[in-house]
Structures are given as structure tokens and as C-alpha cells.
Amino acid sequence: MSIPQASVTVSSSARALQQRAHELIPGGAHTYAKGDDQYPETAPPFVARGKGCHVWDVDGNEYIEYGMGLRSVALGHAFPRVVDAVRKELANGTNFTRPSPLEVEAAEIFLQCVPTAEMVKFAKNGSDATTAAVKLARAHTGRELVAICGDQPFFSTDDWFIGSTAMPGGIPGAIRDLTVKFRYNDAASLEDAFRAHPDRIACVILEAETSVAPQPGFLAAVRSICDRFGALLVLDEMITGFRWDIGGAQRVHEIVPDLSTFGKAIGNGFALAALAGKREIMELGGIRHPLERVFLLSTTHGAETHSLAAGIASMGVYQDEPVIETLYRQGERLQRGVDEVTRRHGIQDYLFALGRPCNLVFATRGPDHLPSQPFRTLFMQEMIASGILAPSFVVSYSHTDEDIDRTIDAVDRAAGVYSRALAGGVDVYLEGRPVKPVFRPYN
Ligand SMILES: Cc1ncc(COP(=O)(O)O)c(C=O)c1O
């Protein structure tokens, strides 16, 4: 393995490609979270390939990666059992005029993994699944409003959610008015929302847990408030699904949603998402009832065979191998190491890992103890210089002890710089402009 330990430079040809990307693609990338404004200027502008938790940029530099395709590649890049299953279906043809039996096979294995659900429908993007959940809830209840957890970062690329962010450009006020917010770990704020909009809220949507854990009783209170006010509870398991537990955060926290949505890890990076839930509600999208029909998740590419094969293979790996245990074990090893190193540098209150070990993020605070984008940039910059590409500390099944230990060594080195920057000012250590949040009204 040849992970660079000194500063990595970006070649002029990679820089030229980066310029070209901005000429051809708004934002220079098809996903904001991967964009240039999210990374230090020293970051590799492109990743050309990956294997396990290692990736190579277009200049041939190798990195240990965290985050793993926005948390979708939970098993590791090019994971053999998944790639083999996909390759087989590619050779068999990928899209037919009638369904493939893989649709049933994928549904069977999914419903084994997520036993609170009675039916499932697959899609390509998580956003389509959450939007479908909202539509089903509206049809089922005859109500129009959606209550979203306002402290959680993302539910969908669609108007009902983006209209509620700091970047609502292009979304009519009439749509924005249909989304209301409540606060996580604050059941009273949810109850207030219901009282402020009597008989108007169709569903409550939230992630059961993010890097903030639920306080005892909070999720049960959400469940009972939904029942009391006649709304559906939608759990967004896009991140927590197949990571917190094979049955998602709903299993960990023993909460039964009416609908839940999955994506990301379900297909190990292949385009697969799922809407799952109670039969009575899901069947509104079916062809076996006398009620008004709901147009539920029907797209040309929705059931491409190779993505379903990727899902079946990935879910098989989650069932057969100690994936979840490994995510927790490696996260714990990393968290312990980061804690030890930052304490040694005396900066443990400024730079630390937080969240569940299977889904760690890092906090970067400035001298005023507030979250700091310049310090986030500095930390990522110093990690990149040691061959670690880490927008978070989210591990995969492919992260080995050696990868984690190398990462801790890199954190040790970065912590030295971080500590000097806390004392002497961050600007002199930054090799470019700071990163910016995705959701901002202006550039
Ligand atoms: C919690 C959550 N819900 C929904 C989504 C949307 O999923 P997708 O990007 O596949 O549309 C995301 C994506 O980051 C997410 O993190």
C-alpha cells in the first residue's frame, strides 16, 4: 500500500478537468455534497476508482476514504459478492417489458430484514421514496400538511422539503406553506404543531436518530402523538437502515412506523431505494382496491435488474456476515483513537468524533468553541495531506484495523496543526478558501 504521508499535490491536468466540469455541469458535480465548495482546495478534485475503503484520484494518489459514497457504500467499493451479482444480471439484460422475478426476490429479502413492514416498493433515489411516503400519507389521511423534524439535515430533493431550507429558490410559496417543523427531542414542539394546524397534518417525518440520540421516551411520544392526532409516522431510514442494525433504527429503538424509507446502504452504492410499510396504506398504490388510486413510484428505470441484484446481494451480505458488528467495532476503535490523540494535544473540546460508532461524524470548533467552517477545512486539508479523504468518520465493512490506525496517526498529525491554529489563528494554516454549507441562499 502506498498512501502518501507528505502533502499531496493536484496535477495541472486534474485542475483543467475541474475547470471543465464547472463549464459543463452547474456546480461542477451532479451531487452538491461532492462539490468543490464542500472540500478544501487541496482535495483531489476527482476520484477515479475505489477498492474496499481505498480510492485513487485521477493523478494516481491513494487515499483511505470515509463517508463512502454519501454513506451508500457500506460494504466497501467494488465488493465482490455485489459486483458478481450485478455482472450476472448485466449479461442477462437489464430492463424488460414485464417485471423480472428479481422484483419479488428483492421484496422477500427486504421484508425479512425489516419485519415491521408488510409491503415494499423499490425506487432509484431516496428522495423519491420519501416523497412517495408523503403522497401516500396525504392520500390516506385526506390532509395536506407535512411535519418535518427541523433539526435534521435532509429528507428529499423535492419541493416539499427543499422549500423549507435556506435554499428555496424556484419553489412556490403555496408549496412551502404545506411543510411545518418541529424540534428533535422536543415532543411538545410536535404537539404544538398539531394544535396550530388542527386536522391538517398528514404525516410526521423524521430520522429516528442522527448524531444526536433520542432522549428516553421521545420516539414513543412521537408515535403516540401521531396516533392521537390521526397522522402517519414516517421514519426516514436512509442513513440508519442497514447501518444501525439490519432492521434499521426502528429495530434498535423498538418503534413501529406506518411507513419507512430506505436507500443508500441497501444496494452498496447501486441506485436502489425503498418505501416500506403497512399493507393498508401501501395498497393504495396497488390495483386490488376500490378506493381512489395513488400513483406510487413508477419509473422506467425503477426496477433495473442489476440494481435489484445489487440489493439482494448486499442484503444477503448483511444477513450472512458480521457487517453491522464490524461497523460498530471499527467506529469505536477510531473514536477511542481520536479521543486519545486529541486529549494528548489538549484540543479534545475543539476536535472530536461524535454519533453512533457505525456512523461517526467529527466536530470542528474554533477558539470561541463554536462550529467553524475554517477549522473544518483545516482538519480535512491536513487529513488529505496524510492520504485520508474524510468528510466524516463514517466507516465501511472494508475498513481494517490497519486503515483505522493509519487514520488515527493522521489525526495525530492534523491535531498538532489544529492546536497551533487555535492558538495563532487558522488563516495562516489554510491553503485556500474555507468550505461552505450546501444550504445557503447565495454563493
Ligand atoms: C436522511 C436522508 N433522507 C433522504 C435522502 C435522499 O436520498 P437520495 O439522495 O438518494 O435521494 C438523504 C440523502 O442524503 C438522506 O440523508
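Trainee: Pulling in residues and values, what's your account of the pattern of salt bridges?
Mentor: According to the stated counting rule, one finds 23 salt bridges in the structure shown. Among the salt bridges present, the one from Glu209 reaches Arg356, with a minimum N-O distance of 3.1 Å. Taken as a pair, Glu209 in the loop between strand 7 (201–206) and helix 9 (218–229) and Arg356 in the loop between strand 11 (351–354) and strand 12 (361–364) lie far apart in primary sequence, 147 residues in all. Salt-bridge contacts for Arg343 lead to Asp339; the nearest nitrogen and oxygen are separated by 3.2 Å. Residue Arg343 and its partner Asp339 are both found in helix 13 (residues 323–344); the two are separated by four residues, about one turn of the helix. Assessed through its relative accessible area of 49%, Arg343 is described here as partly exposed.

Trainee: Please set out unusual backbone geometry residue by residue, giving values where relevant.
Mentor: With a phi close to 50°, Met68 is a non-glycine residue in the positive phi region. If you trace the backbone, Met68 turns up in helix 2 (residues 68–71). Look at Met68 and you get buried, because its relative accessible area is 0%. Look at Arg71: it is not a glycine, yet its phi comes out positive at around 75°. The residue Arg71 is located in helix 2 in this model.

Trainee: Hey, could you go over the packing of aromatic side chains for me, with residue numbers and the actual values?
Mentor: Per the counting criterion, the structure on display carries 18 aromatic pairs. Between Phe110 and Phe262, the ring centres sit 5.1 Å apart and the planes meet at 85°, which makes this aromatic pair edge-to-face. Placement of Phe110 in helix 4 (residues 102–113) and of Phe262 in strand 9 (residues 259–262) is noted, with a sequence separation of 152 residues between them. No difference in accessibility class separates Phe110 from Phe262, as the two residues are buried. Here the basic side chain of Arg49 rests over the ring of Trp56, its NZ or CZ set 4.2 Å away from the ring centre.

Trainee: Please set out the environment of His30 residue by residue, giving values where relevant.
Mentor: Looking at the element boundaries, His30 is found in the loop between helix 1 (12–24) and strand 1 (47–51). Taking the C-alpha atoms as reference points, His30 and Gln152, 122 residues apart in sequence, are found 22 Å from one another.

Trainee: Kindly report on the state of the cysteines, identifying the contributing residues and their values.
Mentor: Under the definition given, this model contains zero disulfides. Cys53 takes part in no disulfide bond, and the closest cysteine sulfur, belonging to Cys358, lies 17 Å away. Accessibility expressed as a relative area gives 1% for Cys53, which makes it buried.

Trainee: Please give an account of the site of the ligand that cites residues and values.
Mentor: Residues in close proximity to the ligand include Asn125, Gly126, Ser127, Phe154, Phe155, Glu207, Asp236, Met238, Ile239 and Lys264, which together make up its full environment. Between the ligand and the protein, one listed contact pairs an oxygen atom with a side-chain N or O atom of Ser127 at 2.6 Å. A total of 390 Å² of accessible area belongs to the ligand in isolation, and the protein chains cover 80% of it.

Trainee: Provide a residue-level description of the sheet that holds strand 3 (residues 62–65), including the pertinent values.
Mentor: Sheet architecture is open: four strands sit in the order 1-2-3-13, paired in mixed fashion. Single-partner strands in this sheet number two, and they are strand 1 and strand 13 (388–389). As paired strands, strand 1 and strand 2 (residues 54–57) are joined by four bridges and run antiparallel to one another. Across the sheet, residue Gly50 finds its bridge partner in strand 2, namely Val55.

Trainee: Please set out the pairing of strand 12 residue by residue, giving values where relevant.
Mentor: Regular strands show a simple pattern: their side chains alternate between the two faces of the sheet. Across four bridges, the pairing between strand 11 and strand 12 is antiparallel. By the bridge assignment for strand 12, Leu351 is matched with Thr364.

Trainee: With reference to specific residues and values, describe the sheet that holds strand 9.
Mentor: The seven strands are arranged 4-10-9-8-7-5-6 in an open sheet whose pairing can be described as mixed. Each end of this open sheet is capped by a strand with a single partner; those strands are strand 4 (119–123) and strand 6 (179–182). Geometrically, the sheet is characterised by an average inter-axis angle of 20° between neighbouring strands, direction not taken into account. Sheet analysis places strand 5 (residues 145–149) next to strand 7, joined by four bridges and oriented parallel. Within strand 7, the position partnered with Ile148 by the bridge is Ile205. Here helix 8 (residues 187–196) sits on the sheet in contact with strand 5, strand 6 and strand 7, set at roughly 160° to strand 7. Each of strand 7 and strand 8 (232–236) touches helix 9; the most contacted strand, strand 7, lies at about 165° to it.

Conventions adopted
- Residues numbered from 1 in each chain as written.
- Predicted model: local features only at pLDDT ≥ 70, side-chain atom pairs only at ≥ 80, totals over all residues.
- Heavy atoms only, no water.
- Salt bridge = Lys/Arg side-chain N within 4 Å of Asp/Glu carboxyl O.
- Helix = DSSP H or I, 4+ residues; strand = E, 2+ residues; numbered from the N terminus.
- Buried < 20%, exposed > 50% of the residue type's maximum accessible area, 1.4 Å probe, protein only.
- Phe/Tyr/Trp six-rings, centres within 6.5 Å; stacked < 30°, edge-to-face > 60°.
- Lys NZ or Arg CZ within 6 Å of the ring centre and 35° of its normal.
- Disulfide = S-S within 2.5 Å.
- Near = heavy atom within 4 Å.
- Polar contact = N/O pair within 3.5 Å; in protein donor to acceptor, adjacent residues only side chain to side chain.
- Areas by Shrake-Rupley, 256 points an atom, 1.4 Å probe, with all protein chains shown as cover.
- Pairing = 2+ DSSP bridges.
- Axes fitted to C-alpha atoms, helices over the stretch in contact; angles between N-to-C directions.
- Contact = heavy atoms within 4.5 Å.

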